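Structure assessment
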Amino acid sequence: MTRVAAALATLSIVTVASLATAQGTNFSGTWQLDAAASEIPQLGGGRGGRGRPGGRGGRGGPAAASLIITQTEDTLTIDQGQGGGATVSHYLDGRASTNAGPRGSDMTTTATWDGATLVIEGSMQISTPRGEFSIDTVSRHTLADDGQTLTQTSTRSTPRGDIDLTLVYRRTAD
């Protein structure tokens, strides 16, 4: 009986520690893309090579040049740059969120904590002249210990294969 009690106590401590870490992570602030530190695939022509272009904000590019993030206890809202950039919101408790995607489609996401890392999983259906297809995304958002660097690693699964990207943002303001 004491082994079971000890195991349950250990599990409770680990669970509480994970929740405390997650609750202590706050991504709020203004962030600027560090294109040199990021790994952004070259999109276009169907090539899957890696490049380090400057970020492009808004709906058309793979990376917003800047982010303004507002985080509350329940939600994370990301304004993806100036001049028509998209704004997306995620519930932080695993509930589904729906945001506008490209070509009039909606993306449904869920956000959960893995320790101090925020994991956002999503999918969307897109209609094109070539037919319907889906894009699935998994992204992991981590904050450096000093709170000055935000790293987003993502995999987008498309009918043409997976696209991996790593975006590194530097804090410019709180």
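Residues numbered from 1 in each chain as written. Predicted model: local features only at pLDDT ≥ 70, side-chain atom pairs only at ≥ 80, totals over all residues. Heavy atoms only, no water.

1. Quick look at the pairing of strand β12 (residues 161-173)
Stated formally: For two strands to be treated as a pair, DSSP must find no fewer than two bridges joining them. Strands are runs of DSSP state E lasting at least two residues, helices are runs of H or I lasting at least four, and both sets are numbered from the N terminus onward.
Both strand β1 (residues 29-33) and β12 contribute to a ladder of four bridges, which runs antiparallel. Note on β12: the bridge partner recorded for Q32 is R170. Sheet analysis places strand β11 (residues 149-158) next to β12, joined by ten bridges and oriented antiparallel. Directly across from R156, in β12, lies its bridge partner I163. Counting the residues in the hairpin turn of β11 and β12 gives two residues.

2. Notes on the packing of aromatic side chains
Working definition: an aromatic ring pair is given by the centre-to-centre distance plus the angle between the planes. The condition is simple: The criterion for an aromatic pair is that two Phe, Tyr or Trp rings (for Trp, the six-membered ring) have centres within 6.5 Å, with stacked assigned to planes under 30 degrees apart, edge-to-face to planes over 60 apart and tilted to the rest. Using a 1.4 Å probe on the protein chains alone, a residue whose accessible area is under 20% of its type maximum counts as buried, one over 50% counts as exposed, and one in between counts as partly exposed.
In this structure the tally under the stated criterion is one aromatic pair. Note on F27 and W113: the rings are 6.2 Å apart at their centroids and 5 degrees apart in plane angle, and the pair reads as stacked. Of the two residues, F27 is situated in the loop between α1 (2-24) and β1 and W113 in strand β8 (residues 106-114); the sequence distance between them amounts to 86 residues. Accessibility expressed as a relative area gives 1% for F27, which makes it buried.

3. Considering the sheet that holds β8
Just so we agree on the cut-off: Lines are fitted to the C-alpha atoms to define the axes, a helix being fitted only along its stretch in contact, and any angle between axes, read from their N-to-C directions, falls within 0 to 180 degrees.
Strand order in the open sheet formed by ten strands is β6-β5-β4-β1-β12-β11-β10-β9-β8-β7, and the pairing between neighbours is antiparallel. With one partner strand each, in any of the chains shown, β6 (87-91) and β7 (96-100) form the two edges of the open sheet. Here the strands of the sheet are splayed against their neighbours by 25 degrees on average, with no regard to which way each runs.

4. A look at the environment of Q148
Filter applied, for reference: Throughout, a residue-residue contact means that at least one pair of heavy atoms, one from each residue, lies within 4.5 Å.
Of note, Q148 is situated in the loop between β10 (131-143) and β11. Residue class for Q148 comes out partly exposed when judged on its relative accessible area of 36%. For the pair Q148 and T172, spaced 24 residues apart in sequence, the C-alpha to C-alpha distance is 8.3 Å. Q148 has contacts with W31, Y169, R170 and R171, leaving out every residue within four places of it along the chain.

5. Regarding the confidence of the model for the protein chain
Selection criterion: Each residue gets a pLDDT score, which is the predictor's confidence in that residue and runs from 0 to 100.
Here the protein chain averages 78 in pLDDT, and 73% of its residues register 70 or above. For the stretch residues 1-21, pLDDT sits under 50, and the model shows three contacts to residues farther than four places along the chain or on other chains. In the model, residues 45-60 has pLDDT below 50 throughout and makes 44 contacts with residues more than four positions away in sequence or in other chains.

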